[in-house]
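Reading the structure
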Amino acid sequence: MAAKKIQFQNEQLIVPDNPVIPFIEGDGIGPDIWRAASRVIEQAVRLCWQGKRRIQWKEVLAGEKAHRKTGKWLPEETLQAFRTFRVGIKGPLTTPVGGGIRSLNVALRQQLDLYACVRPVRYFPGVPSPVREPQKVNMVVFRENTEDVYAGFEFESAGEDTRALIKYLAESKGWQIRPDSGVGIKPISKFASLRLLQSAVEYALAHGRKSITMVHKGNIQKFTEGAFRSWGYEFAGDKYADSVVSWEECHGNPPDGKILIKDAIADIFFQQALTRPEEFDVIATTNLNGDYISDALAAQVGGVGMAPGANINYQEGYAIFEATHGTAPKYADMDKVNPTSLILSGAMMLEHMGWIEASRKIESGLEKALASGQVTYDLARLMPGAEEVSCSGFADLICELMA
């Protein structure tokens, strides 16, 4: 059965039964969790379609392995492979120290214009959590990926350009910035905001979600994050008037068949995500806020080791699914760490491809594995009576319980 490329037509993925999927195994613990995750993904597909569907993996290089083999941290061939085959998956990548690419993850997102970082966060019974009712957390975060201070527009302290910029701002705007400051630029455009918000609304409609909350700091940053909020309400009212209703229009009680759109100041959101998380569903937010929110919500359900993620361009059909944690180099090649983040990212990838049955198989097998009390060290040390198993052993258990 010859492998084929995933196509994209009329804003829809056209997925063959035997697609080529590029993967980056990742640095540090990457090879361990990739071996575990790929085995679980393959088994789910095999159980659902008995060989009629099959993934053809294609390794591409980034990070330390790429640098060793090619002298480059992110070879152009890797970017081209993701452009050609459209959907891919990756383990965690190191951030080069002392120069070069500032962040490989950011570089991939920017080079491929993967503007939506999508992070589903929900609780699996039995997983240790620092909060009393983690089962109330069931959110999907849509984080804008290409703008904001996180995107990397900075001027170094004491640099000639920095001094010139500070002087210009003082003379033209009257802004008093200390001369030894580093300066960052925070662009928030209407274009990027609205395509992110459209992705969040379309997801909410397709998945039967009840609300969309725009999280921002617009009370202080009125022309960037405040604009994100204003553009969002205007856009929802114009494009989705038949499907979406604002809080002011319905006083928090949307009529049947309509999704509530509302907003929350970022600091208040963090408090309410702890005290009443059941009031939030789909979250749409700017880049830096989204980084904080994703990890904070993951902590409520057991940590980033339990949280999947994806970076997606819905308009052009490109997507890279990824582990959301770091490389943990001290555990490299020890077959020890929790592979759940990458496994669930694989389940996200299968759902994105339309292979929903296999995605559900993985989630079911994972739920049963966690309920069995046979878990990796990070969970076992916090679960009384749990039995510690290896990374590969946990993957084997999931495969067994999927059947």
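1. A few points about the environment of lysine 368
Take lysine 368: it is sitting in helix H12 (residues 356–372). Along the sequence, lysine 368 and glycine 317 sit 51 residues apart, while their C-alpha atoms lie 33 Å from each other.

2. A look at H12
Counted at 1.5 Å a residue, the expected span for H12 with its 17 residues is 24 Å, and the 24 Å between its end C-alpha atoms agrees. Every buried residue of H12 is listed here: Ala358, Ser359, Ile362, Glu363, Gly365, Leu366, Ala369 and Leu370. Projected down its long axis, H12 shows its buried positions confined to an angular sector of 165 degrees, all on one face. In this fold, the buried residues of H12 make contact with helix H1 (30–49), strand S6 (116–122), helix H11 (340–352), strand S16 (374–375), helix H13 (377–380) and helix H14 (391–402). Following H12 by one or two positions, glycine 373 adopts a phi angle in the positive range, close to 80 degrees.

3. Some details on the packing of aromatic side chains
With the rule as written, the count across this model stands at 10 aromatic pairs. Between phenylalanine 269 and phenylalanine 280, the aromatic rings sit 4.9 Å apart at their centres with planes inclined by 75 degrees, giving edge-to-face as the arrangement. Here phenylalanine 280 lies in the loop between helix H9 (266–275) and strand S13 (282–285) and phenylalanine 269 lies in helix H9, a separation of 11 residues in the sequence. For the pair phenylalanine 269 and phenylalanine 280, one class covers both residues: buried. Ring centres of tyrosine 331 and tyrosine 377 lie 5.4 Å apart, and the angle between their planes is 45 degrees; on these two criteria the pair is classed as tilted. Here tyrosine 331 is found in the loop between strand S15 (318–323) and H11, whereas its partner tyrosine 377 is found in helix H13, with 46 residues between them in sequence. Each member of the pair, tyrosine 331 as well as tyrosine 377, carries the same accessibility label: buried.

4. Observations regarding the environment of leucine 297
Among the structural elements, leucine 297 can be located in helix H10 (residues 287–300). Sequence-distant contacts of leucine 297, defined by excluding residues within four places in its chain, comprise Val121, Met139, Val141 and Ala273.

Thresholds applied
Counting restarts for each chain: residues are numbered from 1 in the order of the written sequence. For this predicted model, a pLDDT threshold of at least 70 governs which residues receive local features, and a threshold of 80 or more governs which side-chain atom pairs are given and counted, while totals over whole chains, interfaces and linings are taken from all residues. To get the side-chain values, all heavy atoms of the structure are used, and hydrogens and water are removed first. Under the scheme used here, helices are H or I runs from DSSP no shorter than 4 residues and strands are E runs no shorter than 2 residues, and both carry numbers assigned from the N terminus. Working rule for helices: expected span equals 1.5 Å times residues minus one. Buried residues are those whose accessible area, probed at 1.4 Å on protein chains only, stays under 20% of the maximum for their type, while exposed residues exceed 50% and partly exposed ones sit between those limits. As used here, the arc is the angular range of directions from the helix axis to the C-beta atoms. By the convention used here, residues are in contact when the closest approach between their heavy atoms is within 4.5 Å. For Phe, Tyr and Trp, rings pair up if their centres lie within 6.5 Å, where Trp contributes its six-membered ring, and each pair is then called stacked (planes under 30 degrees apart), edge-to-face (over 60) or tilted (otherwise).

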